[in-house]
Amino acid sequence: MNADAPILFFDSGVGGLSVVAPARALLPNAPFVYAADTAGFPYGTKTEAEIAARVPALLGRLVERYRPRLAVIACNTASTIALAVVRAALDVPVVGTVPAIKPAVALSETRVIGVLGTDATVRQPYVDRLAAEFGADCTIVRHGSAALVALAEAKLRGEAVAIDDVRAAIAGLFDGPDGDRIDTVVLACTHFPLLDAELAAAVPHPVRFVDGGPGIARRIAYLTDGQDWPEVHVPGIAVVTRLDDAARALAPAFAARGFPTLVGL
């Protein structure tokens, strides 16, 4: 394996940056390429057919250009819909992102767990299977929010995020039956950990938040164990599928997280 071969992170927008942080903590010298499908954003409101067609095609182009040692689909929606197709299409290992229901079940005392994601993610049969396998003795309350994704993107563009807007975006999780008994919330969208402080301020009662970032980082480290890396840290590259003013407004957030170079695909 070429020491300069990067790890490729892919998401619809900036959410995958929440996965990059724990991965970089474990692999500080690993070269990273971060790809955001700004032309297709957001994924959470698209149909399964649209995502299943778009994601493998884009990842194919990215793998051809950057020759990564490993690709990470740092997006719950894309992973729950297109992961199997992507793995079949690419000749590199692919790590997906799935809702962290298993660790949430281990933490919950009330046995009522919230799953907060996009509409496309929370309705997937994959979530049903995770709930049945790991949380058979739990009540799983699901809520999808496209607004929360937009708020996370706005925050990374440097815009102010009102707590009332976050509160309104998550209200459906807590306002229904058993909502007052939720003690653990799975952040089933990689955008949502970027709003950790705002979410903590917006919830109607204290809860634990769980996301898949640390587990994904451990999986990346395991799959690349023993491989060569550059001797010093290499600045990352951020790639967007549409390099417009909205994407350029994200450049400072990318740079602050180790991606000083922003290019179009």
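Below, the structure is looked at part by part.

Quick notes on the rules
Residues numbered from 1 in each chain as written. Predicted model: local features only at pLDDT ≥ 70, side-chain atom pairs only at ≥ 80, totals over all residues. Heavy atoms only, no water. Helix = DSSP H or I, 4+ residues; strand = E, 2+ residues; numbered from the N terminus. Buried < 20%, exposed > 50% of the residue type's maximum accessible area, 1.4 Å probe, protein only. Polar contact = N/O pair within 3.5 Å; in protein donor to acceptor, adjacent residues only side chain to side chain. Axes fitted to C-alpha atoms, helices over the stretch in contact; angles between N-to-C directions. Parallel < 35°, antiparallel > 145°, perpendicular 65-115°, else oblique. Left-handed = near helix turned anticlockwise from the far one by under 90°. Contact = heavy atoms within 4.5 Å. Nonpolar A, V, L, I, M, F, W, Y, C, P; charged D, E, K, R; others polar. 1 Å grid on protein atoms, 1.4 Å probe; cavity = no way out; pocket = protein on both sides within 12 Å on 5 of 7 lines; lining within 4 Å. Points joined across faces, edges and corners; volume = space filled by probe spheres on them. Pairing = 2+ DSSP bridges.

1. Side note on the side chain of N76
Here N76 is to be found in helix α3 (residues 76-89). On the accessibility criterion, N76 (3% relative accessible area) is buried. A polar contact of 3.3 Å, which involves the side chain of N76, links it to the backbone oxygen of A188.

2. Overview of the packing of helix α1 (residues 17-26) against helix α10 (residues 213-223)
Following both chains from N to C, one finds α1 and α10 inclined at 45 degrees, their axes separated by 8 Å at the closest point. Judged on the interaxial angle alone, α10 and α1 are oblique. In the packing of α1 onto α10, the handedness of the crossing is right-handed. Seen from α1, the contacting residues are V19, P22, A23 and L26; seen from α10, they are G213, P214, I216, A217, R218, I220 and A221. Across the contact of α1 with α10, the residue classes break down as nine nonpolar, one polar and one charged.

3. Examining the side chain of T80
Position of T80 among the secondary structure elements: in helix α3. A relative accessible area of 11% means that T80 is categorised as buried. At 3.1 Å, the side chain of T80 and the backbone oxygen of T77 are in polar contact.

4. Concerning the layout of surface pockets
Each pocket or cavity is described by its volume, and for the largest pocket that value is around 400 Å³. Lining the largest pocket we find 20 residues, and of these V98, A100, P103, G212 and G215 sit closest to its centre. When residues in the lining of the largest pocket are grouped by element, the largest group, five residues, is from α10. A class-by-class count of the residues in the lining of the largest pocket yields eleven nonpolar, four polar and five charged.

5. Thoughts on the pairing of strand β9 (residues 237-240)
Relative to β9, strand β2 (residues 32-36) runs parallel, the two being bridged by four bridges. For V33, the partnering residue across the bridge sits in β9 and is I237.

6. Considering α1
Counting buried positions over the ten residues of α1 gives seven, a clear majority of the element. Residues of α1 that are buried include every one of L17, S18, V19, V20, P22, A23 and R24, and no others. Buried positions along α1 lie against β1 (7-11), β2, α7 (146-156), α10 and α12 (251-256).

Geometric values such as these leave the question of function open.
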